[in-house]
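# Descriptive analysis of the structure
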Amino acid sequence: MDAYPHAKLTLGPAIDTGFYYDVDFSGGDTLGDDGLKDIQKAMKKLLNTWSEWSHREVTVEEARAVFAGNPYKLELIEEIAARGETITLYTCGSGKSEFTDLCRGGHTENPSAEIDADSFKLDKVAGAYWRGDEKNPMLSRIYGLAFETKADLEAYQAQLEEAKKRDHRKLGKEHDLFTFSDLVGAGLPLWTPKGTMIRHQLDNYIWQLRDKHGYQRVTIPHITKKDLYVTSGHWDKFADELFRITTREGKEYALKPMNCPHHTQIFDRHPHSYRDMPQRYAETTMVYRDEQSGELGGLTRVLSITQDDSHVFCRHSQVKEEFFKIWDIIDTFYGTFGFNLRVRLSFHEPTEMEKYLGTKEVWENAENALREIAKARNADYFEAPGEAAMYGPKLDFMAKDSLGREHQVATIQLDMNLPERFDLSCINEKGEKERIVMIHCAIMGSIERFAAVLIEHLGGNFPLWLAPEQVHIIAVADIHKPYADQVYHALKAVGIRVHMDDSNDSMGKKIRAAKQAKIPYFIVIGDKEVEAKNVTIENRSGESKQIDLHALANHVLTEVETKQMS
Ligand code: ZN
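Residues numbered from 1 in each chain as written. Predicted model: local features only at pLDDT ≥ 70, side-chain atom pairs only at ≥ 80, totals over all residues. Heavy atoms only, no water.

### Overview of the overall build of the protein
- Of the regular secondary structure elements, the protein holds 18 helices and 28 strands.
- In terms of its C-alpha atoms, the protein occupies a principal-axis envelope of roughly 85 × 75 × 55 Å.
- Taken over 566 residues, the protein has a buried fraction of 47%.
- Pairs at least 24 apart in sequence give 67% of the contacts found in the protein among residues at least 6 apart.
- In the structure as shown, the protein presents an accessible area of about 29100 Å², 49% of it carried by carbon and sulfur atoms. (Helix = DSSP H or I, 4+ residues; strand = E, 2+ residues; numbered from the N terminus. Buried < 20%, exposed > 50% of the residue type's maximum accessible area, 1.4 Å probe, protein only. Contact = heavy atoms within 4.5 Å. Areas by Shrake-Rupley, 256 points an atom, 1.4 Å probe, with all protein chains shown as cover.)

Next comes the structure, spelled out in structure tokens:
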């Protein structure tokens, strides 16, 4: 702190990847370009001299005296005192290297022995309001990365570097997948033809997987009368996020923030015998949630969210089997991309039964069923009491991507609440009305968020079945065009997304462009190929093979149908 005599330290907690410290530089010091480097150098030097922390309990008066002139620490001191807690000061070093801070404790015993000076680094500075309140002064938040070893730090930095290259906002632009318009508004992505192709392929795949399990397509309007959400409870629960509409007659409507309430009304159109159960409805459709504009970014936080949503209306006795089927779909879908899944069993907190709907017995039965499923599937799972939704327990799936980052993706939720609110039932074997349950599930969750995860996971190298353009053909000269056309039509005829590059660019430029666009295959047609009536097909890694023209279409089609990762 010697170099910044007017700077005031405020709060500095540890975080997952290290720590930060919020500093007020408004006293006249400025943190120059080399500021972080200089502070880091000083930290490493100090570390050598710090061999032990000492701490002492002090009175409010003593604490005030130590931090006189620092309004932030004084504010914290008053709060600790008001809570009736003891105030502790921690000190390290002595003489010129002495440093004392207001702290609860919980440090290393011997910093110089336990911390490798190469295992931490000051990373960046960002603005932050004191205590996160924009009415308060703006401070400088200095972020530090800190790991066990130098190797861990370097691995993390390499991962950050790679993540920057794979940022879905950057790749989305380079691959021309989606765009934003000021006229349309922030948080409202517009999908280009290529991006739409990818969405379509993903969605089709999920429908293929669902078809095996008896799902039926339904379609609902994007708006509804207020009454639907008053009955479902969402009118209050989603109060801030709801886009409201008032009609010219003064009636209140809303844009749908979820689809479940609409779907209950399809189920409830007529009475159901137990023989008709379960009813499985699915729909890929957008929902709309009003988020604060400061929180919008890329595809991860948007106002228009596409859900591949499904609702299974079933009896209690059918829950286990239905969960099993959905889990099959999730495993197959995420396995296709090489994601490893971990599952959180989000259960109720037994000591806070008043937070939940339904009796303890119903909850325990439902949770036992989910636990049995997780065991039977040999899944990598853990239980999280207190993470359940108010209306029922759920399975939350976490996918680890190629950079080792974990993303929450699909969820399967058991719901005992909406059937109650909408009085949903079936007629059982005894001719009695039996209350049913609902299972909510979206495999991708939100297509926008999943697309962001997938783009970064693949680094833009979409497998053949998903690539907007699958095969790119280049004829060396005009005389090779008729044969190139033949190749083009052979692929086109079996539904391959093929493109013929007939621009006037040089061969080198054409090949470079195809490689840059990360098109899975390209084919160059020259004398050799025309004569042998075959093609040389090259993939993104530069491996090539010669194939007979008649075998080509089958070769490509097989790879598409088996959804191979390239
Ligand atoms: Zn739902």
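### Quick look at the coordination of the zinc ion
- Protein coordination at the zinc ion comes from Cys260 (SG), His311 (NE2) and His440 (ND1), with a distance range of 2.0 to 2.4 Å.
- Spacing between the donor residues of the zinc ion along their common chain follows C-x50-H-x128-H. Taken as a pair, Cys260 in helix α10 (residues 260–267) and His440 in strand β23 (residues 437–446) lie far apart in primary sequence, 180 residues in all. The two residues Cys260 and His440 agree in class, both being buried. (Donors = N, O, S within 2.8 Å, 3.2 Å for Na, K, Ca; no water.)

### Notes on the pairing of strand β15 (residues 279–288)
- Burial within β15 is extensive, with eight of its ten residues counted as buried.
- Looking at chain direction, strand β11 (residues 216–217) and β15 are connected through two bridges and run parallel. The partner of Gln216 across the bridge, within β15, is Tyr281.
- Where β15 and strand β16 (residues 304–314) come together, ten bridges link them in antiparallel fashion. Residue pairing for β16: Thr284 is matched across the bridge by Asp308. (Pairing = 2+ DSSP bridges.)

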